[in-house]
Amino acid sequence: MTPTVSIQPQDALYWNKIRNDFPILQQSVNGYPLVYLDNAASSQKPQQVIDSIVHYYTTYNANVHRGVHTLSQKGTDAFEAARKKVQHFIGANSEKEIIFTKGTTNSVNLLAYTFSQQMLMPDDEILITAMEHHANLVPWQMACERTGAKLRVIPMNDEGELQLDQLDNLITDKTRLISVVHVSNALGTVNPVKYIIDKAHNHHIPVMIDGAQAIPHQPVNVKELDCDFYCFSGHKMCAPTGIGVLYAKQTWLEKLPPFEGGGEMISDVSFEKTTYNELPFKFEAGTPHIEGVIALGQAIDYLENIGMDAIYAREMYLHNLAYEKLNTIPGFIPVGKAAKKASVISFLIDGIHPYDLGVILDKQGIAVRTGHHCTQPIMKQFNIPGTVRASFAFYNSEQDVEFFIAAIKKAVKMLS
Amino acid sequence: MSASINEIQDEIIEEFELFDDWMQKYDHLIEMGKSLPIMDASLKTDDRLIKGCQSKVWLVTSKKNGLIEYFADSDAVISKGVIAMLIRVLNNHTPEEIVNADLYFIDRIGLKEHLSPNRSNGLVSMIRQMKLDALALSN
């Protein structure tokens, strides 16, 4: 990807034009202009992504990879072109390393299931971190239950940073895999995954990165990271729901058994024996989410046209603007104060329940997330019921930040 | 004779009709929550929590002279207002009346978008637990 340096984060003209690409943002909610700050839960979709789905069903809908007829060929071309786009977007070596899944959760489950079948023995260890989303915790817990392996956890300090000085003690000759979240959805912490990967590789341990919150907001290059597996979701990066990616090094995909059986993933089938299809199809049983894949390709085109560096700069600019203003509100308590953070602000207002704040913000057209953010162990560590989370995307505006702050002030007045 | 469930519902509907904006309605709801008697910390045990709410709502149900008495608290003021409103409607009625109650007032007080069945606000869970408790005490 070519880093775009020409677009400045404060360039109102440019970013207004970008915002207008998102039809959903042009509406009112409860009589107020919609301020969508729940981007870490799901992103909005630009018109060209929406159009690509309509275009697919209007002009070339057919099943892929099988038909010799024109529509099927056209569909297959678009489908495989999207796989190439994903490959280039994350800097993978080959399109064979791109497995389409339903989303990050499905990617982690695919890996945890196949990895545990092939690689895990009783008393082996899987190492995760204290700030994992349930999606990168429960599948490994289930894998451990199936195999008798044990789950071990890299702890986190009160700032919301991993205590990596403990990594040397936690890595043992039983460690079979380390799975780490790239960017924490609940705290916004950006983890030093490259450091962890290098350390793990010194011990010949593979590393999976949960990139659901990283991919939409910063440049990611799996070759530079040298991670063995990288998972992410389409719907957080301007693509539809129900489509995601598991990137894996080809050697791993060759070694691991298939996940689901069915059509598409086979080479030869008889009642006695079935041989499996080549990569990546070995891991893609059944008719895939064709329009989802094509629209994911469109979303990547859209993001690359802006440039991930420009997106990162824009989002951090909005984040910092909001953070400064929040900091002046009496009782503001940020949750997660890592030195390196993404455009997520998780917080509490002293004496106010996050649920109450979320309800009163919604009444004013502000969409934020409240609750435990599918990270209950984090909430337990901080001994809080949950947080209010505002997460910014490049299509948010300075006005969004202003309305957000004004709405919080009003809510605080009502609730205290 | 005390008011029936429907008479209380109608009374609440009338009260809310006096307010013309959402802020006043929520203020009223929050005030209702504040009118609940204070619950001792020793009663706030996990087995009394209503499952399915984003906030914690503790419910204690008892029966006196054949009528159900509810007692509740919450760590969130809006949830506390909601449960206070439900208590006001259902308290001091027979288990049968409570189980069969059609709570139409929720749709009519203009708080529907927030009190509508949604897994995070817990309204449905609150009503279900109140009815289940009443049913359990019916004999």
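Residues numbered from 1 in each chain as written. Chains lettered and ligands numbered in written order. Predicted model: local features only at pLDDT ≥ 70, side-chain atom pairs only at ≥ 80, totals over all residues. Heavy atoms only, no water.

(A) A look at the sheet that holds strand β16 (residues 369-371) of chain A. All names here are of chain A. With respect to topology, four strands assemble into an open sheet ordered β13-β14-β17-β16, the strand pairing being antiparallel. The strands lining the two open edges of the sheet, one partner per strand, are β13 (332-334) and β16. Between one strand axis and the next, the sheet turns through 30 degrees on average, direction left out of account. In this structure, β16 lies alongside strand β17 (residues 387-391), joined through three bridges in antiparallel fashion. Within β17, the residue paired with Arg 369 across the bridge is Arg 389. (Pairing = 2+ DSSP bridges. Helix = DSSP H or I, 4+ residues; strand = E, 2+ residues; numbered from the N terminus. Axes fitted to C-alpha atoms, helices over the stretch in contact; angles between N-to-C directions.)

(B) Layout of the side chain of Lys 131 of chain B. Residue and element names in this part refer to chain B. Mapped onto the elements, Lys 131 comes out in helix α7 (residues 123-136). The side chain of Lys 131 sits in the buried core without any salt bridge; Asp 102 is the nearest counter-charge, 7.2 Å away. Here Val 99 takes part through its backbone oxygen, which lies 3.2 Å from a polar atom of the side chain of Lys 131. (Buried < 20%, exposed > 50% of the residue type's maximum accessible area, 1.4 Å probe, protein only. Lys, Arg positive; Asp, Glu negative; His and termini not counted. Salt bridge = Lys/Arg side-chain N within 4 Å of Asp/Glu carboxyl O. Polar contact = N/O pair within 3.5 Å; in protein donor to acceptor, adjacent residues only side chain to side chain.)

(C) Focus on the interface of chain B and chain A. On the side of chain A, 15 residues touch chain B, which itself brings 16 residues to the contact. Buried surface at the junction of chain B and chain A, both sides included, amounts to about 1,500 Å², of which 63% is carbon and sulfur. Of all the elements, helix α2 (residues 22-34) of chain B adds the most residues to the side of chain B that touches chain A, at five residues. Looking at the side of chain B that touches chain A, its residues break down into seven nonpolar, six polar and three charged. (Contact = heavy atoms within 4.5 Å. Buried area = accessible area lost by both parts, 1.4 Å probe. Nonpolar A, V, L, I, M, F, W, Y, C, P; charged D, E, K, R; others polar.)

(D) Spatial organisation of the domain arrangement of chain A. All names here are of chain A. Segmenting chain A into domains produces domain 1 (12-30 + 307-415) and domain 2 (50-304). Distance between the C-alpha centres of domain 1 and domain 2: 28 Å. For the pairing of domain 1 and domain 2, the buried interface totals around 2,600 Å² over both sides, and the portion due to carbon and sulfur atoms is 60%. Of all residues in domain 1, Met 308, Ile 378 and Gln 381 bury the most surface against domain 2, accounting for 22% of the area lost on that side. For the interface between domain 1 and domain 2, the tally reads zero salt bridges. (Domains from an automatic or database assignment.)

(E) Quick peek at the sheet that holds strand β7 (residues 175-181) of chain A. Residues and elements named next belong to chain A. One open sheet holds the seven strands; their spatial order is β4-β10-β9-β8-β7-β5-β6, and the pairing between them is mixed. The two strands at the open ends of the sheet, each matched to only one other strand, are β4 (98-101) and β6 (150-154). Across the sheet, the mean angle separating the axes of adjacent strands is 20 degrees when strand polarity is ignored. Summarising the sheet, β7 and strand β8 (residues 207-210) pair through four bridges and their orientation is parallel. Note that in β8 the partner of Val 180 across the bridge is Ile 209. The strands that helix α3 (residues 70-90) touches are β4, β9 (229-233) and β10 (244-248); relative to β4, the one it contacts most, it runs at about 115 degrees.

(F) Region of interest: α7 of chain B. Taking 1.5 Å of rise per residue, 14 residues should cover 20 Å, and α7 of chain B covers 20 Å from first to last C-alpha, within 8% of that figure. Where α7 of chain B is concerned, the buried positions are Leu 123, Ser 125, Met 126, Ile 127, Met 130, Lys 131, Asp 133 and Ala 134 of chain B. (Expected span 1.5 Å × (residues − 1).)

(G) Inspection of the pattern of salt bridges at higher detail. Under the counting rule described, the total for this entry stands at 20 salt bridges over all chains. In this structure, Lys 85 of chain A engages Asp 301 of chain A in a salt bridge whose closest nitrogen and oxygen atoms are separated by 2.8 Å. Placement of Lys 85 of chain A in helix α3 and of Asp 301 of chain A in helix α10 (residues 290-306) is noted, with a sequence separation of 216 residues between them. With relative accessibility at 27%, the residue Lys 85 of chain A sits in the partly exposed group. With a relative accessible area of 29%, Asp 301 of chain A lands in the partly exposed category. Between Asp 73 of chain B and Lys 80 of chain B there is a salt bridge whose closest N-O contact spans 3.2 Å. Neither Asp 73 of chain B nor Lys 80 of chain B differs from the other in exposure class; each is buried.

(H) A look at a negative patch on the surface. Residue and element names in this part refer to chain B. A cluster of like negative charges, contributed by Glu 7, Asp 10, Glu 14 and Glu 17, occupies part of the molecular surface. For Glu 17, the location among the structural elements is in helix α1 (residues 5-17). The class for Glu 17 is exposed, based on a relative accessible area of 57%. (Patch = residues over 30% accessible without salt bridge, like charges linked within 9 Å, V, L, I, M, F, W, Y side chains within 5 Å. Areas by Shrake-Rupley, 256 points an atom, 1.4 Å probe, with all protein chains shown as cover. Charge placed at Lys NZ, Arg CZ, Asp CG, Glu CD.)

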